[in-house]
Amino acid sequence: MKATVTSSVAATGRTASHRTASRSAQLSIVIPTYNEAQTLPLLLQRIEAAVVGKNIPTEIWVMDDRSPDGTADVARRCATRVPVRVVERDGPWGLAAAVAEGFRYATGEFVLVMDADLQHPPEAIPALVRAMHEGADFVIGSRYTQGGSVRRFGFLRKLNSWGATWLARPLIPPGVHDPMSGFFCLRRSSLENADIRAVGFKIGLELLVKTRAQRVVEVPITFGARHAGVSKLGAREQFRYLRHLLGLYAWRFPAAGQFARFCAVGACGMTLDLGLMAALMSGGVQFAAARAWSVLAAMTLNFFLNRRYTFPDRRGPVASQFLRFTGACATGLVVNWGLSSALYAAFPARRGLYPLMCAAGIAAGTFINFFFSRSYAFADAAARPGSKGAQDGADGAGVKPDQRKREGDQLI
Ligand SMILES: Nc1nc2c(ncn2[C@@H]2O[C@H](COP(=O)(O)OP(=O)(O)O)[C@@H](O)[C@H]2O)c(=O)[nH]1
Ligand SMILES: [Mg+2]
């Protein structure tokens, strides 16, 4: 990843070199921008007015995705008493990726993220920093806590925001009103070992979950109307949010996420199972034998799919894992075959319903399979160093701690 980094600092008599100015920063403000040339000058002025003289040494990182409206040039020309660094990024594009990259450059004890369009009032910055000093892990500039408000949000946008928050509720500490806010502050050190994925628009939610923040404080803000430019939150971002949520649920509740994938794999196995059953039965094969062959075929398919998708970070040698999978699933297989056969025998008048009987056997067998697959067949390779899966970012834009350090050292 290449990016161009330039600085602008007001003529205060000292020429702040990148390093000297950065080293003393207590607060790094990261601002993702795309076509925000119209609002950025006023934003930077208001940030300056909010922090200068408040004993909050600050640096600003404008993370621009090569905006065609010249946002980067405008930012460079703004002379403020707060050092402004402009990073012209070369991808991966997107709000979250821009913020994640900004974190690699940041040098302050605290990092604060806000929009460039003046929807987040810079005047609230000292209150957010104060809450950090008072011991918070994560501070949110909140629209929905008592005292917060939203200006000019249409009904649909309100409903959308409410729905998105509701869907995320199990992921976040109780009592947090506005996990979707893009205006937040956290300790830079809390990012060190966090497995951050730069996906979509809701980087605040990602950080709230992945840093396992416990002491979350909300500072009420009035979320203003956009001063200029247009929102980039389109339908595509909403769809990506759902994908992002799935990833967060899988991360936060790994067994449940695995089980969901295991069931999806099971559904593929079931399709094969039932299809093969129908083919064998219509070919005149006896029920019990047809059942045995189709269960075996489905189990083999399930093994490879589970190895690839459900337990990708737990891959061992294929043959031994397959044997263990076969062994682990033996109980499930017996339950599956036994239950469906028993139902078939018990309801001679209902033999036309045999697919349902098979499905009942498959469902019961799935629980047993999952339990033994997780705890036995795919159990021990998880801790092997270099194992794949857990490290793969959905967009390949994850911020890994070692990478952050290396690239940070190089770039700053
Ligand atoms: N670098 C970068 N910034 C972006 C991108 N999309 C949006 N932003 C910035 O992220 C902030 C929030 O975006 P905005 O469109 O205002 O979203 P909204 O407030 O949810 O409507 C603004 O400062 C945007 O300029 C992007 O693809 N890349
Ligand atoms: Mg906005």
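The preceding data block contains the structure.
So, here's what we can say about the structure. Predicted model only: the values in this text are computed from it and were never measured. (Residues numbered from 1 in each chain as written. Chains lettered and ligands numbered in written order. Predicted model: local features only at pLDDT ≥ 70, side-chain atom pairs only at ≥ 80, totals over all residues.)

### With respect to the pairing of strand β3 (residues 58-64)
Then comes step 1: Across the seven residues of β3, seven count as buried, placing the element largely inside the fold.
Then comes step 2: Residue alternation in β3 divides its side chains into two sets, T58, I60, V62 and D64 and E59, W61 and M63, and both sets are buried.
Then comes step 3: Here strand β2 (residues 27-33) runs beside β3; their pairing, made up of seven bridges, is parallel. Its bridge partner lying in β3, T33 is registered against D64.
Then comes step 4: Between the parallel pair β2 and β3, the chain is carried across by helix α2 (residues 40-51), and the sense of this crossover is right-handed.
Then comes step 5: Note: β3 against strand β4 (residues 84-89), five bridges, orientation parallel. Residue pairing across strands places D64 opposite E88, the latter belonging to β4.
Then comes step 6: Where the polypeptide runs from β3 across helix α3 (residues 71-77) and back to β4, its parallel neighbour, the crossover connection is right-handed. (Buried ≥ 20, exposed ≤ 12 C-beta atoms within 10 Å, placed from the backbone. Helix = DSSP H or I, 4+ residues; strand = E, 2+ residues; numbered from the N terminus. Pairing = 2+ DSSP bridges. Right-handed = clockwise from strand over helix to strand, strands pointing away.)

### Digging into the nonpolar core
Then comes step 1: Among the nonpolar cores identified, the biggest contains 76 residues, and V30, W61, V99, L112, V139 and C185 are the most heavily contacted of them.
Then comes step 2: Here the element with the most residues in this core is helix α4 (residues 95-105); it accounts for eight residues.
Then comes step 3: If sequence neighbours within four positions are ignored, V139 has contacts with L128, A131, M132, F184, C185, V217 and V219.
Then comes step 4: M270, F325, F372 and F378 belong to the second largest nonpolar core, which has 19 residues in total. (Core = buried A, V, L, I, M, F, W, Y, C linked by C-beta atoms within 7 Å. Contact = placed C-beta atoms within 7 Å.)

### What to know about helix α6 (residues 155-168)
Then comes step 1: In a regular helix each residue adds 1.5 Å, so 14 residues correspond to 20 Å; α6 covers 20 Å between its end C-alpha atoms and thus fits that length.
Then comes step 2: In terms of burial, α6 is largely open, as just one of its 14 residues are buried. (Expected span 1.5 Å × (residues − 1).)

### Details of the environment of F110
Then comes step 1: Along the polypeptide, F110 turns up in strand β5 (residues 110-113).
Then comes step 2: Judged by the 23 C-beta atoms lying within 10 Å of it, F110 falls in the buried class.
Then comes step 3: C-alpha of F110 to C-alpha of S28: the two residues are 82 residues apart in sequence and 6.2 Å apart in space.
Then comes step 4: Once residues lying within four places of it in the same chain are set aside, the contact partners of F110 are Q26, L27, V129, M132, C185, R187 and R188.

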